[in-house]
Amino acid sequence: MAIKRIGVLTSGGDAPGMNAAIRAVVRYALHYDIEVVGIFRGYAGLINEELRLFDHRSVSNIINRGGTILKTVRCPEFLTREGQRRAVGVIKKNKIDGLILIGGDGTYRGAVALVKKWKIPCIGVPCTIDNDIEGTDSTIGSDTAVNTALDAIDKIRDTASSMERIFVVEVMGRESGFIALQVAVGGGAEEVLLPGKKYDFEAMCHDIVEGNIRGKVSWIIVVAEGAARAEDIAKKITRITDLETRVAVLGHIQRGGSPTARDRILATRLGAEAVELFRKGKTGKAVGVISDDINIVDLEKAKTKKYSKTGSFYKLIRILT
């Protein structure tokens with residue numbers, strides 16, 4: 001069946017580069033005379049029929065903007081059969097031939113449900129700051145998030161060195177330690193705490209005291225939010241070492257801001273490739289890049305979480321401390 005109209009939505013947590021992906025989807029599709037319906041507020045907007053037909057100018061001047069012009073919300077209702085049934089009704093009513101879904105693992109799980117239970121053609125575009133999607137080396141937004149956090153840590157180190165303090169810096173990552181590990185290596189942190197990885201707190205405090213005796217005047221500890229709360233770690237360090245410890249929780253600044261060149265280019269490539277898959281009659285897939293080449297995997301596989309090997313990076317941090 002020839003694709004005449006596709007819908008595009010963003011779902012889950014926002015990530016820098018979502019707008020660049022939307023722009024690529026819309027303009028690439030229109031080039032091949034495929035209509036594009038923008039679906040606002042993710043799966044909730046699909047259920048509630050929050051739709052608008054997009055034209056070329058609908059996506060003007062958004063490639064450099066953070067967030068998503070389509071907005072995004074969590075939608076527990078879509079987890080139910082009734083919610084999915086309503087969404088499918090909206091798709092059919094508006095003669096949408098398929099969906100391009102931009103987001104992370106939760107977005108992909110919703111797409112798999114549409115494909116397997118309701119036979120709705122779907123293509124996934126990986127966009128999450130956690131870089132935890134299978135089938136791609138990088139997800140849209142992850143490079144920007146790392147650079148945002150790294151910039152903050154560079155500034156914190158200036159203060160840590162000047163004031164001779166220990167800083168515990170909390171970054172995002174409930175289940176993924178990607179951002180924490182990347183900024184710990186790139187920022188020259190002395191320690192990193194990751195979700196699911198055991199750490200020796202007593203040994204860390206011993207190292208801090210020993211370093212202080214040798215004249216080391218500052219210490220940066222990066223903590224992924226899923227590993228521990230920075231405030232709790234800081235209190236324990238102060239109690240054991242009797243050294244002043246401060247906390248910096250970077251929070252949602254890591255989700256915002258203008259996407260890096262790398263994320264803009266990745267989003268543009270993957271958005272266009274998603275449309276191209278529809279043109280080729282391939283659905284139920286997710287796009288990605290492996291070694292800078294486009295990679296296509298089944299949505300079922302892509303929705304599983306990717307966990308990067310942390311051992312070599314962690315060893316590097318310990319050696320260079």
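Residues numbered from 1 in each chain as written. Predicted model: local features only at pLDDT ≥ 70, side-chain atom pairs only at ≥ 80, totals over all residues. Heavy atoms only, no water.

Q: So what's going on with unusual backbone geometry? Which residues, and what values?
A: Backbone geometry at Asn61 places phi at a positive 55°, although glycine is not the residue there. Structurally, Asn61 is set in the loop between strand E3 (51-54) and helix H3 (81-93). Asn61 gets classed as exposed once you look at its relative accessible area, which sits at 67%. Positive phi, close to 60°, is recorded for Lys119, a residue that is not glycine. Of note, Lys119 is situated in the loop between helix H4 (105-118) and strand E5 (122-126). (Helix = DSSP H or I, 4+ residues; strand = E, 2+ residues; numbered from the N terminus. Buried < 20%, exposed > 50% of the residue type's maximum accessible area, 1.4 Å probe, protein only.)

Q: I'd like to hear about the packing of helix H1 (residues 18-31) against helix H9 (residues 261-279), residue by residue, with values.
A: Working note: a packed helix pair is described by the angle between its axes plus the distance between those axes. Closest axis-to-axis distance for the H1/H9 pair is 7 Å, and the angle between their directions is 40°. Our classification of the angle between H1 and H9 gives oblique. Crossing of H1 over H9 shows right-handed handedness. Contacts between H1 and H9 involve Ala20, Ala21, Ala24, Val25, Tyr28 and Ala29 from the former and Arg264, Ala267, Thr268, Gly271, Ala272, Val275 and Glu276 from the latter. Tallied by class, the residues present in the contact of H1 with H9 amount to nine nonpolar, two polar and two charged. (Axes fitted to C-alpha atoms, helices over the stretch in contact; angles between N-to-C directions. Parallel < 35°, antiparallel > 145°, perpendicular 65-115°, else oblique. Left-handed = near helix turned anticlockwise from the far one by under 90°. Contact = heavy atoms within 4.5 Å. Nonpolar A, V, L, I, M, F, W, Y, C, P; charged D, E, K, R; others polar.)

Q: So what about the pattern of salt bridges? Which residues, and what values?
A: The final tally for this structure, using the stated rule, is 22 salt bridges. With its nearest N and O atoms 3.4 Å apart, the salt bridge here joins Lys235 to Glu231. Here Glu231 and Lys235 lie together in helix H8 (residues 230-241), a separation of four residues that amounts to about one turn. Put simply, Arg229, Glu231, Asp232 and Lys235 are held in one network by salt bridges that share partners. (Salt bridge = Lys/Arg side-chain N within 4 Å of Asp/Glu carboxyl O.)

Q: Tell me about the environment of Arg81, and name the residues and values.
A: By secondary structure assignment, the location of Arg81 is in helix H3. Taking the C-alpha atoms as reference points, Arg81 and Gly257, 176 residues apart in sequence, are found 36 Å from one another.

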